[in-house]
Amino acid sequence: MSKKVLITGITGQDGSYLAEFLLKKNYQVFGLTRRTSTSNYDRIKNIVDDITLISGDLLDQYSMANAIAEIQPDEVYNLAAQSFVPTSWTQPVLTGEFTALGVTRILEAVKNAKPDAKFYQASSSEMFGKVQETPQTETTPFYPRSPYGVAKVYGHWITVNYRESFNLFAVSGILFNHESPRRGLEFVTRKITHAVARIMLKKQDKLQLGNLESKRDWGYAPDYVEAMWLMLQQDKPEDFVIATGETWSVKDFAKLAFQAVNLNWQDYVELDQKFVRPAEVDVLVGNASKAKKQLNWQPKTSFKEMIKIMVEADLEREKAL
Amino acid sequence: MKTAFITGITGQDGSYLASLLLKKNYQVVGLDSRKYSLGYENIKAIKTKIILEPGDLLDLKSLSNLIKKYQFTEIYNLGGLTFMPASWKNPAMALDINTLGVARLLTVIRDYSPKTKFYQASSAKIFGLPKQSPQTETTPLSPIDPYSVSKAASHFLVNSFRLHDHLYAVSGILYNHESERRGEEFVTRKITLTAVKIKHKLANELVLGSLDSQQDWGYAPDYVKAMWLMLQQDKPEDFIIASGQLHSVKDICEIAFSHLGLDYKDHVKLDKQFSRQIESKSPVGDASKAKKILGWKPEVDFKTMIIKMVENDLQLIKKENNL
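Quick notes on the rules
Residues numbered from 1 in each chain as written. Chains lettered and ligands numbered in written order. Predicted model: local features only at pLDDT ≥ 70, side-chain atom pairs only at ≥ 80, totals over all residues. Helix = DSSP H or I, 4+ residues; strand = E, 2+ residues; numbered from the N terminus. Rg over C-alpha atoms; globule rule 2.2 N^0.38 Å. Buried ≥ 20, exposed ≤ 12 C-beta atoms within 10 Å, placed from the backbone. Contact = placed C-beta atoms within 7 Å. Nonpolar A, V, L, I, M, F, W, Y, C, P; charged D, E, K, R; others polar. Pairing = 2+ DSSP bridges. Domains from an automatic or database assignment. Axes fitted to C-alpha atoms, helices over the stretch in contact; angles between N-to-C directions. Parallel < 35°, antiparallel > 145°, perpendicular 65-115°, else oblique. Left-handed = near helix turned anticlockwise from the far one by under 90°. Right-handed = clockwise from strand over helix to strand, strands pointing away. Expected span 1.5 Å × (residues − 1). Core = buried A, V, L, I, M, F, W, Y, C linked by C-beta atoms within 7 Å.

**Student:** Let's hear about the overall build of chain B: which residues, and what values?
**Tutor:** Counting secondary structure elements, chain B contains 10 helices and 13 strands. Relative to the 2.2 N^0.38 estimate, which gives 20 Å for 323 residues, the radius of gyration of chain B is 19 Å and therefore close to what a compact globule would have. Its C-alpha atoms give chain B principal-axis dimensions of roughly 60 × 45 × 40 Å. For chain B, with 323 residues in total, the buried portion stands at 51%. Here the analysis covers contacts within chain B between residues at least 6 apart in sequence; of these, 78% occur between residues at least 24 apart.

**Student:** Outline the overall build of chain A, supporting the account with residue identities and numerical values.
**Tutor:** When you go through chain A residue by residue, the secondary structure sums to 10 helices and 13 strands. C-alpha extents for chain A along the principal axes are approximately 60 × 45 × 40 Å. By the burial criterion, 52% of the 321 residues in chain A qualify as buried.

**Student:** Just give me the short version of the interface of chain B and chain A, but keep the residues and values in it.
**Tutor:** Between chain B and chain A, the contact holds 25 residues from the first and 25 residues from the second. At the level of elements, helix H4 (91–112) and helix H5 (146–165) of chain B are the ones that each hand at least two residues to the side of chain B that touches chain A. Within the side of chain B that touches chain A, the residues separate by chemical class into 17 nonpolar, five polar and three charged.

**Student:** Account for the pairing of strand S4 (residues 74–77) of chain B, naming residues and giving values.
**Tutor:** Residues and elements named next belong to chain B. Neither face of S4 is open: one carries Glu 74 and Tyr 76, the other Ile 75 and Asn 77, and all of them are buried. Where strand S1 (residues 3–7) meets S4, four bridges bridge the pair, whose relative direction is parallel. Bridge assignment links Phe 5 to a residue of S4, and that residue is Ile 75. As paired strands, S4 and strand S5 (residues 117–123) are joined by four bridges and run parallel to one another. Bridge pairing links Glu 74 to Lys 117 in S5.

**Student:** Before we move on, could you go through the domain arrangement of chain A and cite the residues and values that matter?
**Tutor:** Residue and element names in this part refer to chain A. One can read the domain layout of chain A as domain 1 (4–178 + 219–242) and domain 2 (184–217 + 247–284 + 301–320). Of note, the centres of domain 1 and domain 2, computed from C-alpha atoms alone, are 27 Å apart. Taken together, the 15 residues of domain 1 in the interface contact 10 residues of domain 2. Tallied by class, the residues present in the side of domain 1 that touches domain 2 amount to six nonpolar, five polar and four charged.

**Student:** Explain the packing of helix H8 (residues 249–259) of chain B against helix H10 (residues 302–320) of chain B residue by residue, including any values.
**Tutor:** All names here are of chain B. Two elements in contact, H8 and H10, have axes separated by 9 Å at closest approach and are oriented at 50 degrees. One element, H8, and the other, H10, form an angle in the oblique class. Crossing of H8 over H10 shows right-handed handedness. Along its contact with H8, which presents Ile 252, Ile 255, Ala 256 and His 259, the element H10 presents Lys 303, Ile 306, Ile 307 and Val 310. Split into classes, the residues belonging to the contact of H8 with H10 amount to six nonpolar, one polar and one charged.

**Student:** Describe the pairing of S5 of chain B, naming the residues involved and giving the relevant values.
**Tutor:** Residue and element names in this part refer to chain B. Taken across its seven residues, S5 has seven buried, putting it largely inside the fold. Neither face of S5 is open: one carries Lys 117, Tyr 119, Ala 121 and Ser 123, the other Phe 118, Gln 120 and Ser 122, and all of them are buried. Sheet topology note: the S5/strand S6 (residues 169–174) ladder contains six bridges and is parallel. Each bridged residue has a counterpart across the sheet, and for Gln 120 the counterpart in S6 is Ser 171. Crossover handedness for the path S5 to H5 to S6: right-handed.

**Student:** Outline the sheet that holds S4 of chain B, supporting the account with residue identities and numerical values.
**Tutor:** All names here are of chain B. Overall, parallel pairing links the seven strands, which are arranged S3-S2-S1-S4-S5-S6-S11 in an open sheet. The sheet terminates laterally at strand S3 (51–54) and strand S11 (239–241), the two strands that pair on one side only. For this sheet the average axis-to-axis angle between neighbouring strands, irrespective of direction, equals 25 degrees. Across four bridges, S1 lies against strand S2 (residues 27–32) in parallel orientation. Each bridged residue has a counterpart across the sheet, and for Ala 4 the counterpart in S2 is Val 28. Where helix H2 (residues 60–70) meets the sheet, its contacts fall on S1, S2 and S3, and the angle it forms with S1 comes to roughly 165 degrees.

**Student:** Provide a residue-level description of helix H5 (residues 147–166) of chain A, including the pertinent values.
**Tutor:** All names here are of chain A. Over its 20 residues, H5 extends 28 Å from the first C-alpha to the last, a length consistent with the 28 Å expected when each residue adds 1.5 Å. In terms of burial, H5 is largely enclosed, as 17 of its 20 residues are buried. Count one or two residues on from H5 and you reach Asn 167, which has phi positive near 60 degrees.

**Student:** Account for the nonpolar core, with residues named and values stated.
**Tutor:** Formed by 186 residues in total, the largest nonpolar core has its most connected members in Tyr 154, Ile 242 and Ala 257 of chain A together with Leu 106 and Ile 241 of chain B. Considering each element in turn, this core owes the most residues, 11 residues, to H4 of chain B. Among residues more than four places away in sequence, those in contact with Ala 257 of chain A are Ile 192, Thr 193, Val 196, Ile 307 and Val 311 of chain A.

**Student:** Tell me about the packing of helix H4 (residues 92–113) of chain A against H4 of chain B, residues and numbers included.
**Tutor:** Two elements in contact, H4 of chain A and H4 of chain B, have axes whose closest approach is 10 Å; the angle formed by their N-to-C orientations is 170 degrees. Comparing their axes, H4 of chain B and H4 of chain A come out roughly antiparallel. Between H4 of chain A and H4 of chain B the crossing geometry is right-handed. Here H4 of chain A contributes Pro 92, Val 93, Gly 96, Glu 97, Ala 100, Leu 101, Thr 104 and Arg 105 of chain A to the contact with H4 of chain B, which in turn contributes Pro 91, Ala 92, Leu 95, Asp 96, Thr 99, Leu 100, Ala 103, Arg 104 and Thr 107 of chain B.

Shown next, in the form of structure tokens:
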């Protein structure tokens, strides 16, 4: 019989790639979705007939407990969150309720209804914030600098706590930024590739950006969801950093994105203070040696290839509109 | 006139802090969460001098109403779910009160009263199994239970808001601090109270999880002075407040029982049920920074504190039982 998996955040970038990946591995895939007035199934429209969507909410303990009890999943991936850092400053309490408290609710549900299920928590490099060492590994102390980062640290530690105290197979994947054509438009990478496509098609003239010198370790989301799965196939539960180990600036990203359509970025990019993030985190760069060694995982898609994929996808989409 | 808002005013620290601030001529307003009728005994003596306002850390509206109305000079957030073992039974509640409560207060301060100074009661428990000893303000956090995780998250949250919104917001990392007003579920008070009951034949034995467990224990009235000092500085900074000394549960038993002319060995029974699931190594704090910058130091030593607690429990038990 095929294995059963529950994914929270299945309509998001990572959730949709992970669902596709697990379907190929013959899993029976269940996704938790919140009922909203406008449906948000864009990213799962190709697989929606192959998966089972369950109505539930990370804010609602009862719905979580029911979902776990009914499905009896072999694996649970908690990818849902309020995941946009700037929003966490305007809605810090809600961010905490989803991103931190939600983890506790699922862990409680797993502990009570399916304690032998394997649990994956989506941790984030934003937990390192003001970095205490470079590059960051699984043992680097956290120092989050936004309510989002703080909530993710809570989620990380509570996962480790449940593993150590109740012997759950619960792991936390500390994923550095990962992008794709399915990244939300509020994120800088997608904002750039989307603008490049629109500028190319003369639908837009300029692109406004905040801090061009901001540097991140950017990987390709489909490569990263494979690492999530690998973490749950190990003999013992452990946390892993997933990263490319390379850093590129927002400027590098913009330059390459415009280059992909033979345009010069300097002709289109304007600086706008309103997009500058206060209390900006330092240069984040991960060391994924542990994942390479134990999971035999490494990124397959280069930074340049990823940008090309994203620009082409946005061009296709914009042309079709 | 300075005004101070204290959440958790009926608790040990809240009640001592209220008395201290009254002496300093503050107008003191306490948050009165009607859901938990805890600790009114602690504020009996000052009840007519303070204002109790209904509200709850879980209820944003109640907090914003009060903060808008009073425009407090200082806010001390001492309210919360504070008994660590209980946080395993209700981890979501611990986070909602202890961490999201802080997020609620900080957003209201930022939006409606940005000059208000904010004190957050952090805890030595955020160090979990400490990576270095003694711990300082720069020791990495490594909490190991839901209570400590919620406190560590609120610690970082205060830090983020200080940096991002330039609030005068600080965390005091206080090590264990005890007193006559400590709750009976905490081991220090459990020992002094039970010893007194045994002395008066009102109890037969004292059941403990472990005698060897060690902590850095200070006296609560000394520690609330440090809270106030932290809000009187030129710039907002976090401080460790600790005695710097480790004592064991056995030490408490020895002092408490011998003060009553008893030998603890005749009365103490060990029961694993009371030992914690993961017992943390013994955290011990280095309060050098507080000594240097705040001019703070503990005034009551460990032995004196335990004896004060025993004496107080003697009075209490005598009164309760008409002895």
